[in-house]
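Observations on chain architecture
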Amino acid sequence: MRFDKPAYPTVYFSDKIWVKCPNCNQRALITTDLGRYTIPFPTEHQSVLICDNCGYRKENNEEWFGYYQGFVGRSCSFCGSHISFTSQPTKQPFQSTMIECAVCKNEKEYSINWYRYKENKPTDPFFGLELWLQTDVKGNILWLYNLDHLCYLKEYVSAKLREDDGRHKYSMISNLPQWIKSSKNRDLILKKLSRLEQELIK
Ligand SMILES: [Zn+2]
Ligand SMILES: [Zn+2]
């Protein structure tokens, strides 16, 4: 069998993502209108998270479930010396913080720039929630967004011959780790993927 599908980037599959519901830990779905399609990341997008199990619902990134870290990098208002501040990782960003200048010792309230970070596990890019479809393959985590993504990978892994056009820099296929590409893991990966598929469609 030949794998002759285009090399889709992972973002191609991100319109529907199964995640763990932050309220009940059951399977919830994030549906995203990817808007203008850009590689590697979609720019304008509308996402909604819905859990059929408990009714939990969030829209348009009103909440980030990873964590934030804040930074201040600027000149002291009094003496012009460089001031830099890095916050602890937090779930709740705040507006500003008092910082004492190391040089002139004057203290002032400075506003903080916050950045989003993901937990160190497979998460979705819109809410930062842990992915539902993941499985361990010899200590590596194989993760997927949805059933289409799963079927696509299954077809890729089971194909003996692969088209390798190498044109798509950001394609999922070219970014796949070697342990997925390696033929010696083929049967195990297919078994794990089939099990995930069964669980998803039952
Ligand atoms: Zn729920
Ligand atoms: Zn100063």
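One structure accompanies this document, and this report is about it. Worth saying up front: this structure is predicted, and the values here are computed from it rather than measured. (Residues numbered from 1 in each chain as written. Chains lettered and ligands numbered in written order. Predicted model: local features only at pLDDT ≥ 70, side-chain atom pairs only at ≥ 80, totals over all residues. Heavy atoms only, no water.)

**Details of the pairing of strand β11 (residues 133–137)**
Applied cut-off: Using a 1.4 Å probe on the protein chains alone, a residue whose accessible area is under 20% of its type maximum counts as buried, one over 50% counts as exposed, and one in between counts as partly exposed. In DSSP terms, a helix is any run of H or I states spanning at least four residues, a strand is any run of E spanning at least two, and both are numbered starting from the N terminus. Two strands are counted as paired when DSSP detects at least two bridges linking them.
Where burial is concerned, most of β11 is hidden: four out of the five residues are buried. Pairing of β11 with strand β12 (residues 140–144) involves five bridges; the strand directions are antiparallel. For Thr135, the partnering residue across the bridge sits in β12 and is Leu142. Adjacent in sequence and paired antiparallel, β11 and β12 are bridged by two residues, among which Lys138 carries a positive phi angle near 50°.

**Let's talk about the side chain of Thr135**
Put simply, the test is: Throughout, a residue-residue contact means that at least one pair of heavy atoms, one from each residue, lies within 4.5 Å.
Looking at the element boundaries, Thr135 is found in strand β11. Those residues in contact with Thr135, other than ones at most four positions away along the chain, are Asn140, Ile141, Leu142, Lys192 and Leu196.

**Description of the coordination of the zinc ion (ligand 2)**
Threshold: Excluding water, the donors of a metal are its N, O and S neighbours within 2.8 Å, or within 3.2 Å for Na, K and Ca, and that exclusion means sites may look incomplete. Under the classification used here, a metal with four donors is tetrahedral if each angle lies between 85 and 135 degrees, square planar if opposite donors are over 155 degrees apart and the others between 65 and 115, a six-donor metal meeting that same test is octahedral, and anything else is irregular.
Taken together, the protein ligands of the zinc ion (ligand 2) are Cys76 (SG), Cys79 (SG), Cys101 (SG) and Cys104 (SG), with distances of 2.3 Å. Taken together, the four donor atoms coordinating the zinc ion (ligand 2) and their angles of 106 to 114° define a geometry best described as tetrahedral. Mapped onto the sequence, the donors of the zinc ion (ligand 2) take the spacing C-x2-C-x21-C-x2-C. One end of the pair, Cys76, is in the loop between β6 (67–75) and β7 (82–86); the other, Cys104, is in the loop between β8 (96–100) and β9 (107–111), with 28 residues separating them in the sequence. Residue Cys76 is classed as buried on the basis of its relative accessible area, which comes to 4%. Note on Cys104: relative accessible area 25%, which makes it partly exposed.

**Details of the pairing of β6**
Pairing of β6 with strand β10 (residues 113–117) involves five bridges; the strand directions are antiparallel. Bridged to Tyr67 within β10 is Tyr117. The antiparallel pairing of β6 with β7 creates a hairpin that spans six residues between the two strands, and Gly80 there sits at a positive phi of about 85°.

**Describing the coordination of the zinc ion (ligand 1)**
Cys21 (SG), Cys24 (SG), Cys51 (SG) and Cys54 (SG) make up the full set of protein donors to the zinc ion (ligand 1), lying at 2.3 Å. Bound by four donor atoms, the zinc ion (ligand 1) shows angles of 107 to 114° at the metal and therefore tetrahedral coordination geometry. Along the chain, the residues donating to the zinc ion (ligand 1) fall in the pattern C-x2-C-x26-C-x2-C. Overall, Cys21 belongs to the buried group, its relative accessible area being 1%.

**Brief notes about the sheet that holds strand β3 (residues 27–33)**
What holds strands together in a sheet is hydrogen bonding between their backbones, with the strands either parallel or antiparallel. Let me state the cut-off plainly: All axes are obtained by fitting lines to C-alpha atoms, using only the stretch in contact for helices, and the reported angles, taken between N-to-C directions, cover 0 to 180 degrees.
Across the sheet, four strands lie side by side as β2-β3-β4-β5; this open sheet has antiparallel pairing. Among the strands making up the open sheet, the edge pair consists of β2 (16–20) and β5 (57–59). With strand direction ignored, the average angle separating the axes of adjacent strands in the sheet is 20°.

**A look at the sheet that holds β7**
The strand order β7-β6-β10 describes an open sheet built from three strands, whose pairing is antiparallel. The sheet is open, and its two borders are formed by β7 and β10, each paired with just one other strand. Going from strand to strand, the sheet's axes swing by 20° on average, the running direction of each strand aside.

**Side note on the packing of helix α1 (residues 147–158) against helix α4 (residues 186–201)**
Selection criterion: What sets the label is the angle itself: under 35 degrees gives roughly parallel, over 145 gives roughly antiparallel, 65 to 115 gives roughly perpendicular, and the rest give oblique. In this scheme the handedness of a crossing depends on how the near helix is turned from the far one: anticlockwise by less than a right angle means left-handed, clockwise means right-handed.
Interhelical geometry of α1 versus α4 gives an angle of 160° and a closest axis separation of 10 Å. When the interaxial angle is binned, α1 and α4 end up roughly antiparallel. Handedness of the α1/α4 crossing: left-handed. Facing α1, whose interface residues are Leu147, Leu150, Cys151, Leu153, Lys154, Val157 and Ser158, α4 presents Arg186, Ile189, Leu190, Leu193, Ser194, Leu196, Glu197, Leu200 and Ile201.

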